[in-house]
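# A look at the structure
Take a look at the letters that make up each chain.
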Amino acid sequence: MSANPVAFKPLTYVYQPAPTPARATLLLLHGTGGDERDLLPLAARFGPGLNVLSVRGNVQEGGMPRFFRRLGMGVFDEPDVVFRTHELADFLAKVAAKEGFDPAQLIAVGYSNGANIAASLLMLYPGLLAGAVLWRPMQPLVQEVPAFTTPRPVPVFFAPGSQDPTVRPAATDAFATLLAEGGYQLTRRDMPAGHNLVQADLDGAVAWLAANFPAA
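Residues numbered from 1 in each chain as written. Predicted model: local features only at pLDDT ≥ 70, side-chain atom pairs only at ≥ 80, totals over all residues. Heavy atoms only, no water.

## A few points about helix α2 (residues 78-99)
Selection rule: We count a stretch as a helix when DSSP gives it H or I for four or more residues in a row; a strand needs E for two or more, and each element gets its number in order from the N terminus. An expected span of 1.5 Å times one less than the residue number is assigned to each helix.
Given a rise of 1.5 Å per residue, 22 residues ought to cover 32 Å, and the 31 Å separating the end C-alpha atoms of α2 matches this to within 8%. The positive-phi residue at the C-terminal boundary of α2 is Gly-100, with phi of around 85°.

## With respect to the nonpolar core
The following threshold applies: Throughout, nonpolar core names a set of buried Ala, Val, Leu, Ile, Met, Phe, Trp, Tyr and Cys residues whose side chains join them through atoms within 4.5 Å. Three exposure classes are used, based on accessible area relative to the maximum for each residue type with a 1.4 Å probe and protein chains only: buried under 20%, partly exposed in between, and exposed over 50%. What makes two residues a contact is simply this: any of their non-hydrogen atoms within 4.5 Å.
Grouped together as the largest cluster of nonpolar side chains are 43 residues, with contacts concentrated most on Leu-27, Leu-29 and Leu-134. Elements with a minimum of two residues in this core: β2 (25-29), β3 (51-55), α2, β8 (106-111), α3 (113-124), β9 (131-135), β10 (155-159) and α4 (169-181). When residues of this core are assigned to their parent elements, the largest contribution, eight residues, is made by α3. Apart from residues lying up to four places away in sequence, Leu-29 is in contact with Leu-39, Val-55, Phe-67, Leu-88, Ala-108, Val-109, Gly-110, Tyr-111, Gly-114, Ile-117 and Ala-118. Membership of the second largest hydrophobic core comes to 25 residues, among which are Val-14, Val-109, Met-191 and Phe-213.

## Overview of the packing of aromatic side chains
Our working rule: Side-chain rings of Phe, Tyr and Trp (the six-membered ring for Trp) are treated as a pair once their centres are within 6.5 Å; stacked means planes under 30 degrees apart, edge-to-face means over 60, and tilted covers the remaining angles.
On inspection of all chains with the given rule, the structure shows eight aromatic pairs. For the pair Phe-157 and Trp-208, a centre-to-centre distance of 6.2 Å together with 45° between the ring planes defines the contact as tilted. Taken together, the residues Phe-157 in strand β10 and Trp-208 in helix α5 (residues 199-212) connect sequence positions 51 residues apart. Residue Phe-157 shares its accessibility class with Trp-208, and that shared class is buried. On the numbers, 5.9 Å between centres and 65° between planes, the contact of Phe-158 with Phe-175 is edge-to-face. Taken together, the residues span a long stretch of sequence, with Phe-158 in strand β10 and Phe-175 in helix α4 at a distance of 17 residues. Each member of the pair, Phe-158 as well as Phe-175, is classed as buried.

## Considerations on the pattern of salt bridges
In plain terms, the rule: Note on definitions: salt bridges are taken to be side-chain nitrogens of Lys or Arg within 4 Å of carboxyl oxygens of Asp or Glu.
Scanning the model with the defined rule gives twelve salt bridges in all. Note that Arg-66 and Glu-61 form a salt bridge whose closest N and O atoms lie 3.9 Å from each other. Residue Arg-66 is classed as buried on the basis of its relative accessible area, which comes to 2%. Looking at Glu-61, the relative accessible area reads 23%, which means it is partly exposed. Across the pair Asp-190 and Arg-188 runs a salt bridge whose closest N-O atoms are separated by 2.7 Å. For Arg-188, a relative accessible area of 29% puts it in the partly exposed group.

## Let's talk about the side chain of Glu-36
To keep things clear, this is the line we draw: Under this definition, polar contacts are N or O atom pairs within 3.5 Å; protein pairs additionally need one hydrogen-donor-capable and one acceptor-capable atom, and for neighbouring residues in sequence, both atoms have to be side-chain atoms.
Within the secondary structure, Glu-36 sits in the loop between β2 and α1 (40-43). Looking at Glu-36, its side chain comes within polar contact range of the side chain of Arg-56, at 2.7 Å. Aside from chain neighbours lying at most four places away, what touches Glu-36 is Thr-12, Tyr-13, Val-14, His-30, Ser-54, Val-55 and Arg-56.

## A short note on the sheet that holds β10
In any sheet, the strands associate via hydrogen bonds between backbone groups, in a parallel or an antiparallel arrangement. Heads up, the rule is: Only strands that DSSP links by at least two bridges are regarded as paired with each other. Inter-axis angles, ranging from 0 to 180 degrees, are taken between N-to-C directions of lines fitted to C-alpha atoms, where helices are fitted over the stretch in contact.
The strand order across the open sheet built from seven strands is β1-β3-β2-β8-β9-β10-β11, with neighbouring strands paired in mixed fashion. Strands at the two margins of the open sheet, each flanked by one partner only, are β1 (13-16) and β11 (185-188). For this sheet, the mean angle separating the axes of adjacent strands, direction not counted, is 15°. Bridge analysis of β2 against β3 gives five bridges, and the strand direction is parallel. Paired with Thr-25 across the strands is Asn-51, a residue of β3. Packed onto the sheet, α4 meets β9, β10 and β11 and runs at close to 150° relative to β11.

## Remarks on the environment of Leu-26
Following the sequence through the fold, Leu-26 ends up in strand β2. Taking the C-alpha atoms as reference points, Leu-26 and Leu-50, separated by 24 residues in sequence, lie 6.6 Å from one another. Not counting residues up to four positions away in its chain, the partners in contact with Leu-26 are Ala-43, Phe-46, Leu-50, Asn-51, Val-52, Leu-53, Ile-107, Val-109 and Leu-209.

## Some details on the pairing of β10
Definition in use: Convention used here: a crossover is right-handed provided that the path from the first strand, over the helix, to the second strand proceeds clockwise when the strands point away from the viewer.
Counting buried positions over the five residues of β10 gives five, a clear majority of the element. In β10, alternate side chains face the same way, and those of Pro-155, Phe-157 and Ala-159 on one face and Val-156 and Phe-158 on the other are all buried. In terms of strand pairing, β9 meets β10 through four bridges, oriented parallel. Looking at β10, one finds that Val-133 is bridged to Phe-157. Sheet topology note: the β10/β11 ladder contains four bridges and is parallel. Bridge pairing in β11 links Phe-158 to Arg-188. Read from β10 through α4 to β11, the crossover connection turns out right-handed.

Shown next, in the form of structure tokens:
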């Protein structure tokens with residue numbers, strides 16, 4: 001599944017190689033209104049043995065960067081979701097060659113809109129990511145849900161907020177089930193919070209990464 005690469009635009013990014021050659025690379029994906037520097041302060045908590053690639057979304061909403069368009073709160077422009085997912089996958093292959101990291105060892109860390117574009121990669125490019133942290137995720141494709149099965153073991157840290165007003169609990173449950181049925185190894189942690197991140201989100205993700213990627 002692919003889109004016309006001629007229409008793809010490069011994404012603005014920051015790349016920080018690990019102090020010593022690293023196998024895995026954290027892919028940081030910000031929420032609405034963030035940018036490529038938004039999640040960088042959190043990256044160090046995951047340990048020094050990781051490369052860091054932080055990306056800015058190409059879509060603007062009222063001057064706020066996003067990874068894809070939406071039609072309203074919690075209503076996504078799904079054709080744009082698909083296009084932007086292809087654009088991101090194309091970018092990741094090119095930046096891996098440019099910066100010299102292994103594209104098969106990408107671990108996405110996404111918050112809100114960033115979690116949703118990471119989830120779209122899981123659905124449209126199963127097996128591309130080695131793992132994913134999804135903070136406050138929503139299912140990005142619901143009108144036409146692609147059939148997907150991951151070809152390799154891919155752990156996913158799935159962290160909705162139990163008091164998040166932006167997503168229905170039933171929709172969260174359905175999305176978690178969909179990912180698990182697609183073969184993803186889901187670790188679900190429902191945080192006692194709204195849509196905002198809390199310290200437990202970071203602590204849980206750090207512990208999850210240490211358990212699932214000990215070499216990192």
